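Here is how the chains run, residue by residue.
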Amino acid sequence: MSLFKKIVSKLTNQPETEEKQSLERLGDSLKNADLDYKFAQLFTHSGGFFNYCADEAEALQTLNQILKIEGANNIFCWDKELQNFLNVLKTDYTSELQHSNNAAFITCEYLIAFDGRIMLSANNILHYHSSKLPEKIVIMANVSQIVNNLNDAMGKIKRNGNIKNLTSISGGQNKLDATAPNNKLFLLLLED
């Protein structure tokens, strides 16, 4: 794309066609890379904030920093294990989604290396539609949850039983809600 077209597209706030294709090109260039590396690259390329944590203590520190920097002080978190992290940090949370929640702290089903997306289900967000989640979402996952592609994730889901309300999200381009384009997605990836 010529320099003139780039300037015009920035001024008119139109997406560059090169930006749309760059995720696909990056994915192609990483096709032989390790799954965790590929996922991290594509997730951050799509606007997500990737945080590798060697253990739970490091995850707790990172979570504390994210919550402070983002000003998140009223968290939606229904998972008992994750609530323990918030209890240690003395952070207010609700186990039911409320309009006053300014962040969510949740788990996920799988991390899709093919395109850097995160698969969620009712196990992670209860009966709520993903578009109802707060604009700041912190997800805790394990390295073992990384799968190559959506087919691998769906195969594992079929083997594990009936999981309801599947959806997927990714970085700043997560399209959770077209009216709220400023969603921020943070991932705390723990070593198993």
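To start, this report covers the structure provided alongside it.

Rules used in this analysis
Residues numbered from 1 in each chain as written. Predicted model: local features only at pLDDT ≥ 70, side-chain atom pairs only at ≥ 80, totals over all residues. Heavy atoms only, no water. Core = buried A, V, L, I, M, F, W, Y, C linked by side-chain atoms within 4.5 Å. Buried < 20%, exposed > 50% of the residue type's maximum accessible area, 1.4 Å probe, protein only. Pairing = 2+ DSSP bridges. Helix = DSSP H or I, 4+ residues; strand = E, 2+ residues; numbered from the N terminus. Contact = heavy atoms within 4.5 Å. Axes fitted to C-alpha atoms, helices over the stretch in contact; angles between N-to-C directions. Salt bridge = Lys/Arg side-chain N within 4 Å of Asp/Glu carboxyl O. Phe/Tyr/Trp six-rings, centres within 6.5 Å; stacked < 30°, edge-to-face > 60°.

To continue, consider the nonpolar core. In globular proteins that are soluble, nonpolar side chains generally tend to be buried together. Counting residues in hydrophobic clusters, the biggest one holds 24 residues, and the most contacted among them are Leu111, Ile118, Ile139 and Leu187. Of all hydrophobic cores here, the second largest spans 19 residues; its members include Ile66, Ala72, Leu188 and Leu190.

Note: strands within a sheet are paired through backbone hydrogen bonds, in either parallel or antiparallel orientation. In spatial order, the strands read 8-5-6-9; together these four strands make up an open sheet with mixed pairing. Each edge of the sheet is formed by a strand with only one pairing partner; in this case those strands are strand 8 (146–147) and strand 9 (167–169). Relative to strand 8, strand 5 (residues 110–112) runs parallel, the two being bridged by two bridges. The partner of Ile112 across the bridge, within strand 8, is Val147. Strands in contact with helix 7 (residues 150–160) are strand 5, strand 6 (117–120) and strand 8; relative to strand 5, the strand with the most contacts, it is inclined by about 160°.

For the coordinates displayed, the defined rule picks out one salt bridge. The residue Glu70 makes a salt bridge to Lys184 at a minimum N-O spacing of 3.1 Å. With Glu70 in helix 4 (residues 56–70) and Lys184 in strand 10 (residues 184–190), this residue pair connects regions lying 114 residues apart in the sequence.

This part is about the pairing of strand 10. For strand 10, the tally of buried residues reaches six of seven residues, placing the bulk of the element in the interior. In this sheet, strand 10 lies alongside strand 1 (residues 49–53) in parallel orientation, the contact comprising five bridges. When the sheet's bridge partners are listed, Phe49 is paired in strand 10 with Phe186. Relative to strand 10, strand 7 (residues 136–142) is paired through seven bridges, and the arrangement is parallel. Bridged to Lys136 within strand 10 is Lys184.

Once that is clear, we can look at the pairing of strand 4 (residues 103–106). Covered by surrounding structure in strand 4 are Ala103 and Phe105 together with Ala104 and Ile106, the residues of both alternating faces. Sheet topology places strand 2 (residues 74–76) next to strand 4; two bridges connect them, and they run parallel. Residue pairing for strand 4: Phe76 is matched across the bridge by Ala104. Bridge analysis of strand 4 against strand 7 gives three bridges, and the strand direction is parallel. Residue Ile106 lies in a different strand from strand 7, and its bridge partner there is Ile139.

Applying the stated criterion to the full structure yields four aromatic pairs. Pairing Phe76 with Tyr128 gives two aromatic rings, centres 5.7 Å apart and planes at 85°, and the pair type is edge-to-face. Of the two residues, Phe76 sits in strand 2 while Tyr128 sits in the loop between helix 6 (122–125) and strand 7, which places them 52 residues apart along the sequence. Among the residues examined, Phe76 registers a relative accessible area of 0% and is labelled buried. Measuring from centroid to centroid gives 6.2 Å for Phe85 and Phe105, while their planes differ by 85°, and the two rings are edge-to-face. Placement of Phe85 in helix 5 (residues 80–88) and of Phe105 in strand 4 is noted, with a sequence separation of 20 residues between them. Of the two residues examined, Phe85 and Phe105, each falls in the buried class.

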